[in-house]
Amino acid sequence: MDKSKQSFRKSKRSFRRRLPPIGSGDRIDYRNMSLISRFISEQGKILSRRVNRLTLKQQRLITIAIKQARILSLLPFLNNEKQFERAESIPRTTGPRTKNK
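Residues numbered from 1 in each chain as written. Predicted model: local features only at pLDDT ≥ 70, side-chain atom pairs only at ≥ 80, totals over all residues. Heavy atoms only, no water.

## Here's the deal with a positive patch on the surface
On the surface, R16, R17, R18 and R53 cluster together into a positively charged patch. Tracing the backbone shows R17 in the loop between α1 (3-6) and α2 (33-36). (Patch = residues over 30% accessible without salt bridge, like charges linked within 9 Å, V, L, I, M, F, W, Y side chains within 5 Å. Areas by Shrake-Rupley, 256 points an atom, 1.4 Å probe, with all protein chains shown as cover. Salt bridge = Lys/Arg side-chain N within 4 Å of Asp/Glu carboxyl O. Lys, Arg positive; Asp, Glu negative; His and termini not counted. Charge placed at Lys NZ, Arg CZ, Asp CG, Glu CD. Helix = DSSP H or I, 4+ residues; strand = E, 2+ residues; numbered from the N terminus.)

## Brief notes about helix α4 (residues 56-71)
Working note: α-helix, 3.6 residues per turn, so residues spaced by three or four point in the same direction. An ideal rise of 1.5 Å per residue puts 22 Å on 16 residues; α4 measures up with 23 Å between its terminal C-alpha atoms. Within the sequence span of α4, burial applies to Q59, I62, T63, A65, I66, A69 and R70. Burial along α4 is one-sided: seen end-on, the buried residues are contained in an arc of 165°. Opposite the packed face of α4, turned more than 90 degrees from it, sit the exposed residues K57, R60 and I71. The inward-facing, buried residues of α4 contact α2 and α3 (49-52). Among the residues trailing α4, S73 stands out with phi positive, at a value near 55°. (Expected span 1.5 Å × (residues − 1). Buried < 20%, exposed > 50% of the residue type's maximum accessible area, 1.4 Å probe, protein only. Arc of directions from axis to C-beta. Contact = heavy atoms within 4.5 Å.)

## Looking at the pattern of salt bridges
Counted under the stated rule, the structure contains two salt bridges. Of the charged contacts in the structure, one is a salt bridge between D26 and R38, with a shortest N-O distance of 3.9 Å. You can see D26 sitting in the loop between α1 and α2 and its partner R38 sitting in the loop between α2 and α3, a full twelve residues away along the chain. Salt-bridge contacts for R31 lead to D29; the nearest nitrogen and oxygen are separated by 2.8 Å. A residue is classified by how much of its surface remains accessible, and R31, at 57% relative accessible area, is exposed.

## A short note on the side chain of D29
Here D29 shows up in the loop between α1 and α2. Filtering out sequence-adjacent residues up to four positions away, D29 remains in contact with I36 and A65.

## Observations concerning unusual backbone geometry
The backbone of R53 shows a phi angle near 60°, a positive value even though the residue is not glycine. Relative to the helices and strands, R53 resides in the loop between α3 and α4. With a phi angle near 55°, S73 is a residue other than glycine that sits in the positive phi range. Position of S73 relative to the elements: it lies in the loop between α4 and α5 (81-89).

## A short note on the nonpolar core
Across soluble globular proteins, nonpolar side chains have a tendency to be buried as a group. Grouped together as the largest cluster of nonpolar side chains are eleven residues: I22, L35, I36, F39, I40, L54, I62, A65, I66, A69 and L75. Of all the secondary-structure elements, those providing two or more residues to this core are α2 and α4. For this core, the element with the most residues is α4, which contributes four residues. Each residue touching L35, except ones within four places of it in the same chain, is listed here: I22, D26, R27, I28 and I62. (Core = buried A, V, L, I, M, F, W, Y, C linked by side-chain atoms within 4.5 Å.)

If you want it as structure tokens, here you go:
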């Protein structure tokens, strides 16, 4: 083979398979907060299946468990801690505005 054709060939590098995020013994349940919290972003959003590396069935079960935990107020709907910190630091004027001449 020519060198020009060899460059298009995929290299045979060994790669380490990542372990699945949910083991066979883990139960997907709204009470299992340590498991559920791994699949929520810092903002409180449910991470996508591609990011989580879950199967379709596992992602559906995780989504249902997160929603149940939110309804039962085990999890917040939004994580607004940074937003509150910023809002408190900004001074607000409550009186009527006057023009400076």
